[in-house]
Structure formats: C-alpha cells, structure tokens
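Chain by chain, the residues:
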Amino acid sequence: MDVLGQTTRLASSSALLQVLFRAVTFGLNAFTLRYLSRELLGVVNVRLTLLYSTVVFLAREAFRRACLSGSTKQNWTKTINLLWLTVPLGVVWSIFLGLVWLHLLEVPDPSVVPHYQAGVVVFGLSAIIELLGEPFWVLAQAHLFVRLKVIAESLSVVSKCILTVILVVLYPQWGLYIFSLAQLLYVSVLVMCYVIYFMMFLGSPEATKKSFPVARMKALLPNWVEDETFVNWKEARLTWSFFKQSFLKQILTEGERYVMTFLNVLNFGDQGVYDIVNNLGSLVARFIFLPIEESFYVFFAKVLERGKNVKDQKQDDVAMAANVLELLLKLVLLIGLTITVFGFAYSQLALDIYGGSMLSSGTGPDLLRCYSLYVLFLAVNGVTECFTFALMCKEEVDRYNFVMLALSFTFLCISYFLTHWHGSVGFILANCFNMGIRIAHSTHYIYDYFKESTYRPLAGLLPSPVLLLVYIISGVITGFSEVMFCCDKGWMARLAHISVGALCFAATVITMFCTETKLVHFVRSQFLSRYMKKGT
C-alpha cells in the first residue's frame, strides 16, 4: 500500500472538507448575528462548546493516539475493546463537568440567554453519543477510508446548519434550545454514517479483497477472548501516558476559553465577539493545518517505528520520512508567512465586511492582526508535534508530560495577566508564547533524532532569501495601502486596497514557484493529484 499517497489523499480531502465546514460556519455566524444577541452566541460558542470539546477530548484523544500507533500486525479485537472504554470515561467526564458548569460557574441572565441548564445537559449528552462511534472512526482512520470521513462529516455539518437556520428564523425565542437540538442532530448523523457504512462494508467482496481485519459488525462490539487479556496492555499503558498529556494539551489548546469561563475576565458579549474573530482568524489553521497534522501523524507512525532511534530504522523509510517532514515544514511555513503578512493589512477590512462596525471597531482588528501572527506559530507547531508524537516512546511521552505541566501553569498565568493588561488581545499573545515553547521542544527532538543521520529536515524552516524579501516588500506596500484606502472612504477605496493586495499576493506566489521548485513538485504530486502512483 502506498502509505504516503493515501495519507496525502486523506489530508487533501480533509482539508477540502474543513473548507466546507468553516465556510458554512462562517456564513452561519454572519447570519445568526442578525437574529441573536452577542451574549447568546458567547454562551454557545465559548461556554457550551468548551464543555462538549473538553469531554470529547479527554475521553478519546489519548485512545486515538495510542491505537493509531500500532503496527500492521495489530490485534484489532483488543484495540476495539480498549476504544470502547472511551464511552464510560466520557460519561464520567460529562457528569462531573456538567455539575461544574451548572453549579460552580456564573449562570447567564435567563432573560438574555434562556434555557442554560438544558443546554449544559444536551451538550454533555452529545459528547457521549459521539464517543459511541469511536471504534468505527479509529478503524476507518487506520485504514485511510477517505471518502467515509468526508461524507460523514459533511452530512452531519450540513444537517446541523440547516436545522440551526430554520429554528433561528422561526423560533428565535427558543434560545439555547436551538443550538442544543442542532448539536444532537450533528452527533447522531455523524455516528450513524459510520455505523451504516461498516454494516454495508463488512462481509462485502471489497472487504474480503482488502483482507480487512474485522469480518462482522459483532466484532466491533466489546469481545472477551478466552485465555487472553481484554485489552493490549502495551496500548493501555501508552494510552495512560497520552491521557496525562492530553489533559495538559487541552488546557493549552483551549486555555483562553478556560480563563474566560472560570475567571470571568470578559463578559458574555465580549466572549461572543472574541469567538467570532477567533473563528475568522483560525479558518486556514483549521481547514489546512489540522488535516495535515492528523493525516501525517498516521503516515509517520506507520513509516517509522515508535521508540527506535534513526540507525535502527529502515533507511529507505527514514529517507522518505525526512524528505516529507522537510517539505511539510516548508509548506506550512510559507502558508503561515503569507497569512501573517497579508493578515496585518486586511484584518480591519475583513471584519468590516463580515460583521460591520460591531466587529471592525474597538479591539477587533488588533485581535485579528495578532491572530495572523499566531497562525504562523500554529502552522509550524502542528507539523513538528505531529512528527514528535508519532515517534516518542512511552518514557519520552511521560517526560514530556512534565514539560506540558509547567507550560500549562505558565500559560494560564500569562493569559490572566495579559488579558488584564490588553483585553482579549492578551489571549492571542499568550498563545503565541505557548506555541513558541512547544515548537522549541519539538524542533529540539527532531534535531536530536536526525543528528546521527545525513538528513536535516529542519532545513524546511528556512525559506529562500528572495522570497523573504518579497514578503517584506508586500507587507510594507499593503500597510501603506491600508492607511490610504481603508476602511471609511467608500467601496472604490476598498476595491483599490484589495487590488493592491491581489498584486502583491500574485508576486509572492510567482516568487514561490520560482524559488521553491522542490516544494511545488511535492504539492503537485501529493496534494493535487487524485491518484498517487509513488512517494516523493
């Protein structure tokens, strides 16, 4: 099987899927802004979504990483048994965190945000329902079922959005009932898509041809094999290591929302604005960087063996992994630099078009400009940690947990103080600091891993000097353009500003094609080709 080819197909399809998700969510937020209060959106998008994402992340993230790290000789019966433990774990987390959300946190004003208690219960329940599909998701991801993931997540997101729009227009007074019902529909459609697919796939000629390791639907339920342990204890111990790490990673990933939720540094209305700007700023990070990280984690875990040094690996596999890592780093670095450079000059215009003066006045533009810089950190960190986590042995994961613990505490303290000093912009500055430390750790690991070989994949973090010069010139020109044309001088001035940016962007892309030929070939052959015939 061409692992690299199928992995890049998975990343490409996931990226296109994320474009759909974010485009729909983007439009949905713009639509709901006209019908619902900022306070209601703040409670849904920060408070309740944080409850759901925390339960799901803590219950399944460690299991996903551990179970996708197995070799081709993996005992899937024991792996599936282990994955079903996510459900009771999710129930425990859902009940515990639900009580915290209901009784320890500030309750919104019922006249502004009605039905808060029902929202907490339903979002916690939706997390448990989604965990019922975890064995199916891991099995599909391990065998690179690209089409299944695309169809399942597309149908669930579209269903959720259609129901939300209908209820917002017809029954805006329902408040959180609207988003609760839409969330239940989302997870139900998602799980049913996976279940129905495997009901049709298992036992089919295609499954037999592929020698699929599971033959019947019954095998996807917990099974006790006589004279054998219920789970693979090596996987279970690795899961426990990743679980300790995932707890800390969740704090780092959603740190600003925890600070907002537990320390009340922003009111619900400001939280709503922050979340809208945050979603706008993270569009590219979510629909490009996250699919690349998830898909190439599987690639590196399959090509290289966890816990072995570079000399003990197959050298052909090492060469391929090093080459792919270098090109991935170069790819995400250039995407991040492009967003950073052009984001500074076009943040205010983007917010003005999207949400009017409510978003483009005040701290909104500064927040989005800072997020443009943060995207660059996100880009590099996603790929470096993707490789690092795919190769770390259990002991290294445990050591890294201590680093994450110290970083989590530091991040929360910095977030709190920077927010008091600079409002919501402080959250982004704290995130940049957090990502910078994580990048330093991951690049150090990659350097140590390859230092006894002839490969230097970190060279991918060094773009061409000519290209860097073009970025600087583009930043200066678009900055002057913003001062001259944006954003209160009419639509003709705005179009002039957009035209200047388009010309600078075209010059940047042309320079990329001329100076980064190896990367261009990689993107063409792996991401833009539908069928992959060979690895780079």
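Residue positions are counted from 1 within each chain, in the order its sequence is given. Local features are withheld for residues below a pLDDT of 70 in this predicted model, meaning they are given only at 70 or higher, and side-chain atom pairs are given and counted only at 80 or more; totals for whole chains, interfaces and linings count all residues. Side-chain numbers here rest on the full set of heavy atoms in the structure, without hydrogens or water.

Stated precisely, the cut-off is as follows: UniProt positions are given in the numbering used here, feature names are shortened, and annotations may be inferred rather than shown by experiment.
By the naming in an unreviewed UniProt entry, the chain is Protein RFT1 homolog, taken from Columba livia. Recorded under Sequence similarities (unreviewed entry), the UniProt text for the chain is reproduced unchanged: "Belongs to the RFT1 family."

### Considerations on the overall build of the chain
Here is the rule: Strands are runs of DSSP state E lasting at least 2 residues, helices are runs of H or I lasting at least 4, and numbering of each runs from the N terminus. Note on method: radius of gyration uses C-alpha positions; expected globular size equals 2.2 Å times residues raised to 0.38. Whether a residue is buried, partly exposed or exposed follows from its accessible area with a 1.4 Å probe, protein chains only, as a fraction of its type maximum: under 20%, in between, or over 50%, in that order. Between two residues, a contact is recorded if the distance between any of their heavy atoms is within 4.5 Å. In this count, Lys and Arg are taken as positive residues and Asp and Glu as negative ones, while His and the chain termini are left out. By convention, the point assigned to a charge is CZ for Arg, NZ for Lys, CD for Glu and CG for Asp.
The secondary structure content of the chain amounts to 21 helices and 0 strands. Taking 2.2 N^0.38 as the reference for a compact globule, 536 residues should give roughly 24 Å; the C-alpha atoms of the chain span a radius of gyration of 23 Å, in line with that estimate. Each of the 536 residues in the chain was classed as buried or not, and the buried ones make up 57%. Considering only contacts within the chain whose residues lie at least 6 apart along the sequence, 82% involve residues at least 24 apart. Within the chain, one finds 42 positive and 35 negative side-chain charges whose respective centroids are separated by 6 Å.

### So, the domain arrangement of the chain
Think of interface size as the accessible area that goes away when the parts come together; that is how it is often given. Our working definition: Boundary definitions for the domains trace back to an automatic or database domain assignment. Buried area adds together the accessible area that both of two parts lose upon being put together, with accessible area traced by a 1.4 Å probe. Salt bridges are defined by distance alone: a side-chain nitrogen of Lys or Arg within 4 Å of a carboxyl oxygen of Asp or Glu.
As far as domains go, the chain holds domain 1 (14–261), domain 2 (265–456) and domain 3 (463–535). Here the C-alpha centroids of domain 2 and domain 3 sit 21 Å apart. Residue-level contacts link 23 residues of domain 2 with 27 residues of domain 3. Buried surface at the junction of domain 2 and domain 3, both sides included, amounts to about 2,100 Å², of which 75% is carbon and sulfur. Inspection of the domain 2/domain 3 interface yields 3 salt bridges. For Lys330, the salt bridge is made with Glu516, and the minimal N-O distance between the two is 3.1 Å. Elements with a contribution of two residues or more to the side of domain 2 that touches domain 3: α13 (283–303) and α14 (315–355).

### Re the packing of aromatic side chains
Heads up, the rule is: Aromatic contacts are taken between Phe, Tyr and Trp rings whose centres are within 6.5 Å, Trp giving its six-membered ring; a plane angle under 30 degrees counts as stacked, one over 60 as edge-to-face, and the others as tilted. Each ring is checked for a lysine NZ or an arginine CZ that lies within 6 Å of its centre and within 35 degrees of its normal; such an atom marks a charge sitting over the ring.
For the structure on display, the rule yields 21 aromatic pairs. Pairing Phe136 with Phe198 gives two aromatic rings, centres 5.8 Å apart and planes at 50°, and the pair type is tilted. Taken together, the residues Phe136 in helix α6 (residues 134–142) and Phe198 in helix α8 (residues 176–201) connect sequence positions 62 residues apart. A residue is classified by how much of its surface remains accessible, and Phe198, at 0% relative accessible area, is buried. With a centroid separation of 5.9 Å and an interplanar angle of 75°, the aromatic rings of Phe342 and Phe505 are classed as edge-to-face. Here Phe342 is found in helix α14, whereas its partner Phe505 is found in helix α20 (residues 491–515), with 163 residues between them in sequence. An aromatic cluster is built from Phe296, Phe299, Phe300, Phe387, Tyr445, Tyr449 and Phe450, whose rings are joined through pairwise contacts. Across from the ring centre of Trp137, 3.4 Å away, lies the NZ or CZ of Arg64, which sits over that ring.

### Structural notes on the side chain of Arg64
Mapped onto the elements of the fold, Arg64 is located in helix α2 (residues 38–67). Apart from residues lying up to four places away in sequence, Arg64 is in contact with Glu134, Trp137 and Val138.

### What about the pattern of salt bridges?
All chains considered together, the criterion is met by 13 salt bridges. A salt bridge links Arg60 to Glu134, with the shortest nitrogen-to-oxygen separation between them at 3.9 Å. Linking Arg60 in helix α2 with Glu134 in helix α6, this pair joins segments that are 74 residues apart in sequence. Glu134 matches Arg60 in its accessibility class, with the two residues each being buried. The shortest N-O distance in the salt bridge between Asp366 and Arg369 comes to 3.0 Å. Of the two residues, Asp366 and Arg369 both sit in helix α16 (residues 364–391), 3 residues apart, roughly one turn of that helix. For Arg369, a relative accessible area of 16% corresponds to the buried category. Residues participating in the shared-partner salt-bridge network are Arg60, Arg64, Glu130 and Glu134.

### Looking at unusual backbone geometry
The phi angle at His115 is positive, at roughly 65°, despite the residue not being glycine. Inspection of the secondary structure puts His115 in the loop between α4 (86–103) and α5 (116–131).

### Examining the confidence of the model for the chain
What counts, and what does not: Every residue is assigned a pLDDT by the predictor, reflecting its confidence on a scale from 0 to 100.
Of all residues in the chain, 90% have pLDDT values of 70 or greater, and the mean over the chain is 83. This model gives residues 530–536 a pLDDT under 50, and the stretch forms 20 contacts once residues within four places in sequence are excluded.

### So, a nonpolar patch on the surface
The cut-off we apply is this: Put simply, a patch holds well-exposed residues, over 30% relative accessible area, that have no salt bridge, with like charges counted together within 9 Å and Val, Leu, Ile, Met, Phe, Trp or Tyr side chains within 5 Å. Methods summary: accessible areas were calculated by the Shrake-Rupley approach with a probe of 1.4 Å, and residue burial reflects only the protein chains presented.
Residues Tyr35, Val158, Ile162, Val165, Ile166, Val169, Leu170, Tyr171, Trp174, Tyr177 and Leu181 make up a contiguous nonpolar surface patch of about 930 Å² in total accessible area. At the level of secondary structure, the elements contributing two or more residues to the nonpolar patch comprise α7 (146–170) and α8. Here the nonpolar patch gets 6 residues from one element, more than from any other, and that element is α7.

### Quick word on α2
Quick reminder of the rule: Take the residue count of a helix, subtract one, and multiply by 1.5 Å to get its expected span. Bend at a given residue is defined as the angle between two axes, one fitted to the seven residues that end at that position and one fitted to the seven that begin there.
Here α2 spans 41 Å end to end across 30 residues, near enough to the 44 Å set by a 1.5 Å rise per residue. Of all bends in α2, the biggest is about 40°, found at Arg60. Counted residue by residue, α2 has 27 buried out of 30 residues, so it is predominantly covered.

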